[in-house]
Amino acid sequence: MKIESIVNAEIELLTAIKTADVATLDKMLHDDLLFNLPDGQTITKEFDLESYRSGKIKIETLEAADQIINVIEDTAVVSVIILLKGTYDNNPIANSFRYIRVWKQFGESLKVIAGSCVALQ
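All values reported here derive from a predicted model rather than from experimental measurement.

**Details of the pattern of salt bridges**
Side-chain pairs of opposite charge can arise whenever the charged atoms involved come near each other. Under the criterion given, the structure shown has eight salt bridges. The closest approach of N and O atoms between Glu50 and Arg53, which form a salt bridge, is 3.1 Å. You can see Glu50 and its partner Arg53 sitting in helix 3 (residues 45-53), three residues apart, about one turn around the helix. Using a relative accessible area of 38% as the deciding quantity, one classes Glu50 as partly exposed. Accessibility expressed as a relative area gives 43% for Arg53, which makes it partly exposed. Between Asp74 and Lys104 there is a salt bridge; the shortest N-O distance is 2.7 Å. Taken together, the residues Asp74 in the loop between strand 3 (57-72) and strand 4 (75-88) and Lys104 in strand 5 (residues 91-106) connect sequence positions 30 residues apart. One connected set of salt bridges, linked through shared partners, spans Asp26, Asp31 and Lys45.

Written as structure tokens, this is what we have:
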């Protein structure tokens, strides 16, 4: 696994998040994904996809910075700061978050198997 492939996968994932591209998110998120939200709630892939499908989450701005990638055999750990502006369930979001995402190689495809984020402000 090359760092370049993880960088490209991160770009594709963030673009899909910003545009609410459920088909791409479905392809990139592992079926058994677990993700911890800043409030401590653990969500699944289906919960995440439904947030986009239903329009509950709307992203206006999504900017990545300070990305660190560690490749460990067929797995990669990405730490990145995301400036996020938008709404969730009609409540405004405007903050920077530190995300950690775990990517794993499955044949020719990379999938996110785990992650979490914490608010920085």
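Structure shown, so let's carry the discussion forward.
**Digging into the sheet that holds strand 1 (residues 29-36)**
If you walk across this open sheet you meet the six strands as 2-1-6-5-4-3, and the pairing is mixed. The sheet is open, and its two borders are formed by strand 2 (42-44) and strand 3, each paired with just one other strand. Strand-to-strand twist of the sheet, defined as the mean angle between neighbouring strand axes without regard to direction, takes the value 20°. Taken strand by strand, helix 1 (residues 3-19) contacts strand 1, strand 3, strand 4, strand 5 and strand 6 (109-119), and its axis lies near 165° from that of strand 3.

**Some remarks on the packing of aromatic side chains**
Applying the stated criterion across every chain, the model contains two aromatic pairs. An angle of 40° between the planes, with centres 6.0 Å apart, marks the rings of Phe35 and Tyr99 as tilted. In this pair, Phe35 sits in strand 1 while Tyr99 sits in strand 5, placing the two residues 64 residues apart along the sequence. For the pair Phe35 and Tyr99, one class covers both residues: buried. A centroid spacing of 6.4 Å and a plane angle of 70° characterise the contact between Phe97 and Tyr99, whose relative ring orientation is edge-to-face.

**Concerning the nonpolar core**
Counting residues in hydrophobic clusters, the biggest one holds 31 residues, and the most contacted among them are Leu13, Ile17, Leu25, Leu84, Tyr99 and Trp103. With six residues, the single largest contributor to this core is helix 1. Ignoring anything within four residues of it in the chain, the contact list for Tyr99 reads Phe35, Val78, Ser79, Val80, Ile82, Leu84, Ser116 and Cys117.

**A closer look at the UniProt feature "domain: DUF4440" (unreviewed entry) in the chain**
As annotated in UniProt, the feature "domain: DUF4440" (unreviewed entry) corresponds to residues 7-108 in the numbering used here. Along residues 7-108 the backbone is 28% helical and 56% strand, and the end-to-end C-alpha distance reaches 16 Å.

**What about a nonpolar patch on the surface?**
A cluster of nonpolar side chains, Met1, Ile3 and Val71, forms an exposed patch at the surface whose accessible area comes to about 220 Å². Here Met1 shows up in the segment before helix 1. Since its relative accessible area comes to 32%, Met1 is described here as partly exposed.

Criteria and thresholds
Within any chain, residue numbers begin from 1 and follow the written order of that chain's sequence. The model is predicted, so local features are restricted to residues of pLDDT at least 70 and side-chain atom pairs to those at 80 or more, both for listing and for counting; the totals for chains, interfaces and linings are taken over all residues. Excluded from the side-chain calculation are hydrogens and water; included are all heavy atoms of the structure. A pair is scored as a salt bridge if a Lys or Arg side-chain nitrogen falls within 4 Å of a carboxyl oxygen belonging to Asp or Glu. The helix and strand labels rest on DSSP assignments: H or I over at least four residues marks a helix, E over at least two residues marks a strand, and numbering proceeds from the N terminus. For each residue, the accessible area found with a 1.4 Å probe, counting protein chains only, is set against the maximum for its type, and the residue is called buried under 20%, exposed over 50%, and partly exposed in between. Strands pair, by our definition, only if DSSP identifies at least two bridges between them. Structural elements are reduced to axes, namely lines fitted to C-alpha atoms, with helices fitted over the stretch in contact, and the angle between N-to-C directions of any two is expressed from 0 to 180 degrees. Contacts are assigned to residue pairs that have any heavy atoms within 4.5 Å of one another. The criterion for an aromatic pair is that two Phe, Tyr or Trp rings (for Trp, the six-membered ring) have centres within 6.5 Å, with stacked assigned to planes under 30 degrees apart, edge-to-face to planes over 60 apart and tilted to the rest. Throughout this description, the term nonpolar core refers to a set of buried Ala, Val, Leu, Ile, Met, Phe, Trp, Tyr and Cys residues connected via side-chain atoms within 4.5 Å. UniProt positions are given in the numbering used here, feature names are shortened, and annotations may be inferred rather than shown by experiment. What makes a patch is a set of residues exposed beyond 30% relative accessible area and free of salt bridges, joined within 9 Å when like-charged and within 5 Å when nonpolar (Val, Leu, Ile, Met, Phe, Trp, Tyr). Accessible areas in this description were obtained via Shrake-Rupley with a 1.4 Å probe; residue shielding takes into account the shown protein chains only.

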